[in-house]
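Observations on chain architecture
One-letter residues, chain by chain:
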Amino acid sequence: MTAPTVPTEFRTARLLLRAPRPEDAQAQVDTVNASLPELRRWMLWAQEPQTLEGARANLARAAEAYATGENLRLLVWNADGTELVGSSGYHSLDWRVPKGEIGYWIATAHTGRGYAQEVAAFLTDYALNDLRLRRIEIRCDADNGRSARIPAALGYTLDARLVNFDVAADDPTRPRDTLIYSITR
């Protein structure tokens with residue numbers, strides 16, 4: 001199976017999900033940098049502050065990958081599209097199976113409102129019913145309880161706990177376990 005054509009914009013009950021654009025760079029820089037203290041613990045890419053130039057390049061690559069179906073990253077905005085809330089999307093796509101992984105992060109100013117679960121629920125439904133994926137995974141650090149609650153709440157199965165599978169994003173001397181949740185059809 002080849003990558004299908006995927007819309008560049010979706011709406012949930014409270015959010016706008018949109019494919020990245022280079023002109024989103026300032027919003028990404030502001031949102032990521034304001035959330036660095038929380039993101040550093042879990043995200044390798046969040047160890048240093050983002051720059052405008054780096055964000056433009058990152059978003060240009062993400063837009064290109066979206067257009068080819070290689071990686072379907074989505075920026076998560078408030079309902080009217082004026083404030084960046086986070087990012088999500090489908091990663092590690094393999095259209096032969098087809099399968100993919102849902103990843104997500106929410107800006108510190110917006111955590112605790114159920115946005116990550118709302119987005120993951122929408123993306124799970126869309127992946128199963130529209131993209132016809134046969135397997136969807138959500139992976140997280142075993143210590144990230146907030147992230148791990150989401151796939152459990154959405155009916156995913158815990159497939160594995162990979163012991164010492166990785167290192168802590170903010171401390172490469174500390175081995176970390178990775179949880180792998182999946183939903184299949």
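To be clear, the structure that these remarks concern was listed above.
Rules and cut-offs
Residues numbered from 1 in each chain as written. Predicted model: local features only at pLDDT ≥ 70, side-chain atom pairs only at ≥ 80, totals over all residues. Heavy atoms only, no water. Helix = DSSP H or I, 4+ residues; strand = E, 2+ residues; numbered from the N terminus. Buried < 20%, exposed > 50% of the residue type's maximum accessible area, 1.4 Å probe, protein only. Contact = heavy atoms within 4.5 Å. Areas by Shrake-Rupley, 256 points an atom, 1.4 Å probe, with all protein chains shown as cover. Lys, Arg positive; Asp, Glu negative; His and termini not counted. Charge placed at Lys NZ, Arg CZ, Asp CG, Glu CD. Phe/Tyr/Trp six-rings, centres within 6.5 Å; stacked < 30°, edge-to-face > 60°.

1. So, the overall build of the protein
Within the protein, the regular secondary structure consists of 4 helices and 8 strands. Ordering the α and β elements of the protein from the N terminus gives β-β-α-α-β-β-β-α-β-α-β-β. The principal-axis extent of the C-alpha atoms belonging to the protein is close to 40 × 40 × 30 Å. When each of the 185 residues of the protein is scored for burial, the buried share is 48%. For the protein, the proportion of contacts with a sequence separation of at least 24, taken over those separated by at least 6, is 59%. Surface exposure of the protein reaches about 9,300 Å², of which carbon and sulfur atoms provide 49%. Side chains of the protein give 22 positive and 24 negative charges; the mean places of these two sets differ by 4 Å.

2. Quick notes on the packing of aromatic side chains
As enumerated under the stated definition, the model contains 4 aromatic pairs in all. Between Phe122 and Tyr126, the ring centres sit 6.1 Å apart and the planes meet at 15 degrees, which makes this aromatic pair stacked. Pair noted here: Phe122 and Tyr126 are both in helix α3 (residues 115-129), with a separation of 4 residues, about one helical turn. Through a chain of ring-to-ring contacts, the aromatic side chains of Phe10, Phe122 and Tyr126 assemble into a single cluster.

Read these as geometric descriptors, not functional statements.
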